[in-house]
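Analysis of the macromolecular model
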Amino acid sequence: MLFLPELILLLGTLCLFLVSLGSPAIDTLRKLTVIIMALVMLASLACLNQKGSLFFDSYQVDFFSQLFKFLICTATLVVLIFSEDAPGIRSDVKAEYNVFLFTGVLGLMMLTSSVELLAILVSLELSSFALYIMVPMRSAESGGAMQMESGIKYLLFGVMSTGFMLFGMSYIFGLCGSTYLSDIAVQIEPLFYQPAAIIAIALMLAGFFYKLAIFPFHFWVPDVYQGAANETTAFIAAVPKIAAVAVMIRIVSLVSAEGQTVVNLLLICAIGSMFYGNLSALVQKDFKRMLGFSGISHAGFVLFGLLTLSSQGYATSLYYIIGYAAMNLACFLVVCTVAPSGKNLAIEDFTGLHQRSPLLAVILAIGLFALAGIPPFVGFTGKFMLLVSAFKQGHVLAVVLAAINTAIAIYYYLSVVRVAYCSDPEGATMQVAPGTLTTAVSLLLLLVIVAMGILPGAFLNLTSTAIGTIL
Amino acid sequence: MDQLLINHGFPLLSALIFLPLVGAFVLLPLKSDETCRYVSLVFTAIVALLSFVLVAGFDTTTAAFQFAETHTWIAPLNINYTVGVDGISILLVVMTALIMPFCVLASWSYIQFRVKPFMICLLIMETAMIGVFVALDFVLFYILWEAMLIPMYLLIGIWGGPRKIYASIKFFLYTLAGSILLLVAIIWLYWKNSYTFFIPDMMWQPYGITPQVLVFIAFFIAFAVKVPMFPFHTWLPAAHVEAPTAGSVILASILLKMGTYGFVRFALPIVPDATLLLMPYVLWLSIAGIIYGGLTALAQQDMKKLIAYSSVGHMGFVTLGIFVLNKQGIEGAILQMINHGVTTGALFLCVGMIYERTHSRELSAATGVGRYMPIFVTFLAFFSLSSFGFPGTNSFVGEFLVLAGTFEFDLTLGLAAIPGAVIAAAYMLRMLQKVVWGGVDNPDQSWITDLNTREIVTLAPFLLFVLWIGLSPGPFMEMMDYSVTDLLDQFNVYKAQSVAAAEILVRR
C-alpha cells in the first residue's frame, strides 16, 4: 500500500515499454497513457493518508510526500489530457516519449519521499535523465533544429548543477557522518557557525535551484522552453517544480536559526530571480519563452516562503507552487490547443483569440491575470501571503522590491491579453475548438485558480497539515 | 469592533455587493443581446432600489459603521469579510447604485457588438465599486480595488475608440503601479496592529512619524493616481476619450471618487501626523491641478477631452477641501464628490449622445445643434452651468463650502483657488456656446434627431439631482455631518495628544 502509486506507475511504464516495441496507433497510445496516469492519480489519492517508511528508512511515506505525489500525478494527467495527440513529438518515437515521461514522473514521485541523500540523488537523476531525452524528441516539422540545441543545454546545465549538489552532499556527509536527513538535522544544527555547513547546504540547494529555475541556475530556461515541444515544456514548467519545492522544504528545514547567511543567500537569489525574470520577459516575442522568464520570477516568490524558515512560510510556498502549477498549466493548455501542429507561438499568434475561441481566451486571460497577481485569483492571494510571511521575518526591503516586481510584470502579461482581446484577426483565421476532455480540464483549472484565490483557507490548512507532518 | 453597528437582519450591504455579480452569472448562458440588456437593467435597477432602503434605514445621528456585517473569511491570516457604511461612504454607495442603471441605458444602442461580455463587465464593476466603498477589511478593500481594473481594462480595451489599446494599457499600468506600495503599507499596518486587517482598529494609533510619512506616501501615490491629482493625471484624458460612454461615466463618476474617498477614509485617520506634516504640499498640488486642468480644458477641441481635463480641475477642489481639514472643507469635498459624479457623468452621457449621432467627439462637428436638438441642449445647458458651479445648481454648494473652508484655513490658498472657478466658467460656456449656436460656418446639422424617450429617461434623474442638491442640500449634508464631525474631533484629540506627548519629551 505504501508504494502503490509508484508501483502502478512502474507497471504502467513497463506496459508502455512493451507497447513501444510494436507500432501502436496514436489514438490507442493516448488512451493508454491517460488511463494509466488516471489510475496512478487515483491510487495516490487513495494512499493520501498512508504512513510508514521503506528501503531502510530512506524512503518516507507521510502526508507531505503523498500530497506531493498526488499533485505531481494530477499535473501530469492534466498535461497528458491537453496535449491531445502530442503533435509536437516525432511520430516515430511517441511511445518511447511516453515511456520516458512516465519514468520522469516516477523519479519525481520518488523524490518527494526520499529522506536520504543517495535516494534523493537517484530519484533526481532518474527524473532528470528522462527529461533530458524528452526534450530533443520534438518533431523536426514543428521545432526545426531548436530542440537539439535545447536538449544539449538542458543536459549540460543539469549535469553541472548535479555536480554542485553532489559536492555539497559530500560536505554534509563529511560534517555529519550520515546520509539520512533525520541524522543530519541533529548533527548539523550546532554547526552553522561553520562556513562549511553553509556552503554544503547552499551547494545542495543548487541542484534544486536548477529544477525550479532560480537565478543564477536559470540559464537553461528560455532556450529549453522555446526549443522543447509545447507538451514537454508544459510538463517541465509545472511538474518538476512541484517536486523541487518538496525537497527544498526538506533541505531548508535543516537550517537552524544561526544560518542567517543561508537566508541572506536565498534572499539574494529570490530578488535576483524576480528582477531577472521580469525584466527579461518584457522584451520577449515568443510566448513560451516569455512564460519561461515569468517562471523564473515566480520561482523567486516561492523562495520567499522558504527563506522565512517557518512552517507557515513553507506552507505558503507549497500553496503558491500549487497555484503556480494551475496558472501555468492553464496558459500551456491554451498554447497546446491554439497550436494544433505543435509549432511555437509568438505573442501575435493570439490575435483575436476571443473570436476564435471565447473559452480559451477567457482561460488565457484569467491564467495571465492570475500570474500577474491581480486579485481575486490565486496568484494574488499567494503573493500576498508570501509577502506577509516575509514581512513578519523583517525582510521589509525585499517585500518592497517584490511588490515593485509585480508592477513590472503586469506589462508583459497584459500585452498578451491585449492581443487576445483587443485586436481583431486580419482576414479569415482558423477556429480553435478544444476537445471535450480538454474543455473539462480547462474549466477545472479555472475553478482551482479562482477557488484558491477567493477561499484559500481550506487549501492553507491542507498545506499546513502537510508541512506539520515533516517538521 | 465597537465601531460597528452589526446588522442582524437582512444582509443589505452584501446584497448590494453581490447582486450584480449574480446578475453577471445569470447573463452567462443567455444568447440574445436584447435579453442581456434587459437582464442587466433589471439587476442594476434592483440594486438601485435597494440603495433607497439603505438610505431609509440610515441613522444620521451616529458616526459608527452601520449595516455592518462581519464573517470570518481567511482564518489563518485573520482576514475577515467586514463591511459597513458611515456618513462618508453612504452617499457614494447610493450614487454608485443609482448611476449604474443609467450606464446600462446609455449603452443600449451604443454597444452593438459583444453585448453580453460588455454587460458582464459592467455588473462585475458594480460589485467591485460598491464593495470598495463599504469594505472595512483592508484586504477585502485591496482585492476589490485591484479586481476592478480587469473589467475596466476590458471596457476600454474592447469597446473603446481608435486609440483604445494605448489608453487601456496606460490606465491599467498607472493604477496598478500606483497601488503596489499600498499593499506594502497594508502589510505594515497589519503587522503593527497585532495582525488585524480591520480598518477602524488601525485608525488613531500612535505610530512613529517616519513610518507614518512612508505609509502616507504609499497611500498618496495610490490615491493620487486614482483621483487623479496633478501630475499623475495623464492616464485620465486618454482613458476618458477612448472609453465607451458607459465606461467614461463610470470612470468619472465613481472611479475617481475612490481616490478622494481613500484620502478621507485612510490617510486622515490612519496617519494623522503625516497628514499634518505633508498637507501643504498636497494643497498646493490641488491648486496646481485646478488651474492646470482648467487651462488645458480651455484649449481642447475634443469634447470628451475637455470634460476629462475639467475633471482634473474639479477633483482638485475635492482634494483641496479634504486637506484644509475643517468641517466646511471636508463636507464640501464629500458633497463635491457626489456633485462631480452627477454632473460630469451627465456631461459624458450628453457627449455620448452626440457621438452616437455624428460619430465624432470634435467640438467643430457638433456646433450649432441647438436648433435641431432643443431638448438635448436644454439638458446640456443645465449640466454645463452646474459644472462651473452656477448658483442654484449642486456644484455651487460644494464649491462654495470648499472655498469657505479654504479661506478659513489660509487666505492665500483661497485666493489661488479662485481663478480655477473662473476658468471653469470660461471653458464650459465656450463649449455650450459652440454646441448650441456655433458660428457662421456650422456644418449642416439638419438631419440630426433630438433625444428619444430612452435618452430623456437617462438624463432626467441627473437633472433632478443637480437641482435638488443645488436648492436643498440639507438632507445630503445631514447624512455625512455626524461622521465628518466625529472624524475632525478625533483628529483634534489626536493632535492634542501628540502635542502633549511632545511637550513631555521636551520637558524631560
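1. So, the overall build of chain A
From N to C terminus, chain A includes 20 helices and 2 strands. Each principal axis of the C-alpha distribution contributes one length, and for chain A these read about 70 × 55 × 40 Å. Of all 471 residues assigned to chain A, the portion counted as buried reaches 65%. Looking at chain A as shown, the accessible area adds up to about 15,300 Å², and 70% of this sits on carbon and sulfur atoms.

2. Some words on the pairing of strand β2 (residues 65-74) of chain B
Residues and elements named next belong to chain B. The buried fraction of β2 is high, at 7 of 10 residues. Bridge count between β2 and strand β3 (residues 79-85): 6 bridges; the pairing is antiparallel. Bridge pairing in β3 links His-71 to Tyr-81.

3. What to know about the pattern of salt bridges
Residue and element names in this part refer to chain B. Counted under the stated rule, the structure contains 13 salt bridges over all chains. The closest approach of N and O atoms between Lys-327 and Asp-481, which form a salt bridge, is 2.9 Å. One end of the pair, Lys-327, is in helix α14 (residues 327-358); the other, Asp-481, is in helix α19 (residues 474-507), with 154 residues separating them in the sequence. Among the residues examined, Lys-327 registers a relative accessible area of 34% and is labelled partly exposed.

4. Looking at the packing of aromatic side chains
Summed over the entire model, instances satisfying the criterion amount to 61 aromatic pairs over all chains. Between A:Phe215 and A:Tyr276 the ring centres are 6.2 Å apart and the planes differ by 35 degrees, which places this aromatic pair in the tilted class. Taken together, the positions of A:Phe215 in the loop between α9 (195-212) and α10 (221-227) and A:Tyr276 in helix α12 (residues 260-281) put the pair 61 residues apart, joining distant regions of the chain. For A:Phe215, a relative accessible area of 28% puts it in the partly exposed group. With 6.3 Å between their ring centres and 50 degrees between their planes, B:Trp204 and B:Tyr494 make a pair best called tilted. With B:Trp204 in the loop between α8 (199-202) and α9 (209-226) and B:Tyr494 in helix α19, the pair connects residues that are 290 residues apart, well separated along the chain.

5. Some remarks on the nonpolar core
In this structure, A:Phe304, A:Phe350, B:Phe138 and B:Phe219 are the most contacted members of the largest nonpolar core, which totals 400 residues. Top element by residues in this core is helix α14 (residues 311-338) of chain A. It accounts for 20 residues. If we skip the residues at most four places from it in the chain, B:Phe138 touches B:Ile186, B:Leu189, B:Phe197, B:Ile199, B:Met202, B:Phe219, B:Phe266 and B:Ile270. B:Leu4, B:Phe65, B:Leu136 and B:Phe198 belong to the second-largest nonpolar core, a separate cluster that totals 5 residues.

6. Considerations on helix α7 (residues 146-176) of chain A
Residue and element names in this part refer to chain A. Taking 1.5 Å of rise per residue, 31 residues should cover 45 Å, and α7 covers 44 Å from first to last C-alpha, within 8% of that figure. Where α7 is concerned, the buried positions are Gln-147, Ser-150, Gly-151, Tyr-154, Gly-158, Ser-161, Thr-162, Met-165, Gly-168, Met-169, Ile-172 and Cys-176. The secondary structure elements touched by the buried residues of α7 are α5 (117-134), α6 (140-143), α8 (181-188), α9, α10 and α11 (230-252). A positive phi of about 70 degrees marks Gly-177, the residue just after α7.

7. Structural notes on the sheet that holds strand β1 (residues 4-6) of chain B
All names here are of chain B. The strand order across the open sheet built from 3 strands is β1-β2-β3, with neighbouring strands paired in mixed fashion. The open sheet is flanked by β1 and β3, the only strands paired with a single partner. For this sheet, the mean angle separating the axes of adjacent strands, direction not counted, is 45 degrees.

8. Some details on the layout of surface pockets
A probe matching the size of a water molecule, rolled over the atoms, marks out where space remains unfilled. All names here are of chain B. Looking at the largest pocket, its volume works out to about 1,700 Å³. If you tally residues by element for the lining of the largest pocket, the top one is helix α4 (residues 115-134), at 8 residues. Across the lining of the largest pocket, the residue classes break down as 39 nonpolar, 5 polar and 2 charged.

9. Section: the environment of B:Ser310
Residue and element names in this part refer to chain B. Along the chain, the position of Ser-310 falls in helix α13 (residues 303-323). Ser-310 sits 19 residues away from Ile-291 along the chain, and the two C-alpha atoms are 9.8 Å apart. The contacts of Ser-310, once residues within four sequence positions are left out, are Ala-297 and Tyr-427. Among the polar contacts made by the side chain of Ser-310, one reaches the main-chain carbonyl oxygen of Ile-307 at a distance of 2.7 Å.

10. Some words on the side chain of A:Thr381
Residues and elements named next belong to chain A. Examined against the element boundaries, Thr-381 turns out to sit in helix α17 (residues 378-392). Classification of Thr-381 as buried rests on a relative accessible area of 5%. Reaching out from Thr-381, the side chain makes a polar contact with the backbone oxygen of Phe-377 at a distance of 3.3 Å. What Thr-381 contacts, discounting residues up to four positions off in sequence, is Tyr-319, Met-452, Gly-453 and Pro-456.

Parameters and conventions
Residues numbered from 1 in each chain as written. Chains lettered and ligands numbered in written order. Predicted model: local features only at pLDDT ≥ 70, side-chain atom pairs only at ≥ 80, totals over all residues. Heavy atoms only, no water. Helix = DSSP H or I, 4+ residues; strand = E, 2+ residues; numbered from the N terminus. Buried < 20%, exposed > 50% of the residue type's maximum accessible area, 1.4 Å probe, protein only. Areas by Shrake-Rupley, 256 points an atom, 1.4 Å probe, with all protein chains shown as cover. Pairing = 2+ DSSP bridges. Salt bridge = Lys/Arg side-chain N within 4 Å of Asp/Glu carboxyl O. Phe/Tyr/Trp six-rings, centres within 6.5 Å; stacked < 30°, edge-to-face > 60°. Core = buried A, V, L, I, M, F, W, Y, C linked by side-chain atoms within 4.5 Å. Contact = heavy atoms within 4.5 Å. Expected span 1.5 Å × (residues − 1). Axes fitted to C-alpha atoms, helices over the stretch in contact; angles between N-to-C directions. 1 Å grid on protein atoms, 1.4 Å probe; cavity = no way out; pocket = protein on both sides within 12 Å on 5 of 7 lines; lining within 4 Å. Points joined across faces, edges and corners; volume = space filled by probe spheres on them. Nonpolar A, V, L, I, M, F, W, Y, C, P; charged D, E, K, R; others polar. Polar contact = N/O pair within 3.5 Å; in protein donor to acceptor, adjacent residues only side chain to side chain.

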